[in-house]
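Structure assessment
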Amino acid sequence: QVQLEESGGGLVQAGGSLRLSCTASGRTFSRYGMGWFRQAPGKEREFVSAISRSGGSTSYADSVKGRFTISRDNAKNTVYLQMNSLKPEDTAVYYCAAKDIAVIVTRSIVYDYWGQGTQVTVSS
């Protein structure tokens, strides 16, 4: 069982930056592939980024490529999402997710564990 808690959301102006963190409970964090997803009002949850167990492989949605960076610190049981050059269309609730799997996972249905989400609002 893994419990995930996101933090770092908030209100920022367009062009600004935020860093989201997702901290996991338990001693086996390094077994989990991790992902970030987001859901805007009235829209379906969408993939943002994912990182492999070791952190050696990453994947990004085209909409955030070049602006967002995912990373992890297995010693701290934490995955990060550095978000730069934020746009109003990035406004959403951001969720982290975990799956005991060695490969990158971009489909939300595959993930077993989810955090409660953190709100990111980008003003124009």
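The present account deals with the structure reproduced in this document. (Residues numbered from 1 in each chain as written. Predicted model: local features only at pLDDT ≥ 70, side-chain atom pairs only at ≥ 80, totals over all residues. Heavy atoms only, no water.)

**Digging into the packing of aromatic side chains**
Across all of its chains, the model carries 6 aromatic pairs by this definition. On the numbers, 5.4 Å between centres and 80 degrees between planes, the contact of Phe-37 with Tyr-111 is edge-to-face. You can see Phe-37 sitting in strand β4 (residues 32–39) and its partner Tyr-111 sitting in the loop between β9 (92–100) and β10 (113–114), a full 74 residues away along the chain. Overall, Tyr-111 belongs to the buried group, its relative accessible area being 6%. An angle of 65 degrees between the planes, with centres 6.1 Å apart, marks the rings of Tyr-111 and Trp-114 as edge-to-face. Under the relative-accessibility criterion, Trp-114 is labelled partly exposed at 26%. An aromatic cluster of at least three residues, connected via ring pairs, comprises Phe-37, Phe-47, Tyr-95, Tyr-111 and Trp-114. In this structure, Arg-45 is placed above the aromatic ring of Tyr-95, and the distance from its NZ or CZ to the ring centre is 3.9 Å. The ring of Trp-114 carries the charged tip of Arg-45 above its face, separated from the ring centre by 4.7 Å. (Phe/Tyr/Trp six-rings, centres within 6.5 Å; stacked < 30°, edge-to-face > 60°. Helix = DSSP H or I, 4+ residues; strand = E, 2+ residues; numbered from the N terminus. Buried < 20%, exposed > 50% of the residue type's maximum accessible area, 1.4 Å probe, protein only. Lys NZ or Arg CZ within 6 Å of the ring centre and 35° of its normal.)

**Digging into the nonpolar core**
The tendency in soluble globular proteins is for nonpolar side chains to be buried as a group. With 36 residues, the main nonpolar core has Leu-4, Met-34, Trp-36, Leu-81, Met-83 and Tyr-94 as its most contacted residues. Where this core is concerned, the elements lending two or more residues are β3 (18–24), β4, β5 (46–51), β7 (68–73), β8 (78–83), β9 and β11 (118–123). The element best represented in this core is β9, accounting for 5 residues. (Core = buried A, V, L, I, M, F, W, Y, C linked by side-chain atoms within 4.5 Å.)

**Comments concerning the state of the cysteines**
Here the structure, examined in full by the defined rule, presents 1 disulfide. Across the disulfide from Cys-22 sits Cys-96; the S-S distance is 1.9 Å. An S-S torsion of about 50 degrees defines the bridge between Cys-22 and Cys-96 as right-handed. On the criterion of sequence distance, the pair formed by Cys-22 in strand β3 and Cys-96 in strand β9 is long-range, its members being 74 residues apart. Take Cys-22: its relative accessible area is 0%, and that puts it in the buried class. (Disulfide = S-S within 2.5 Å.)

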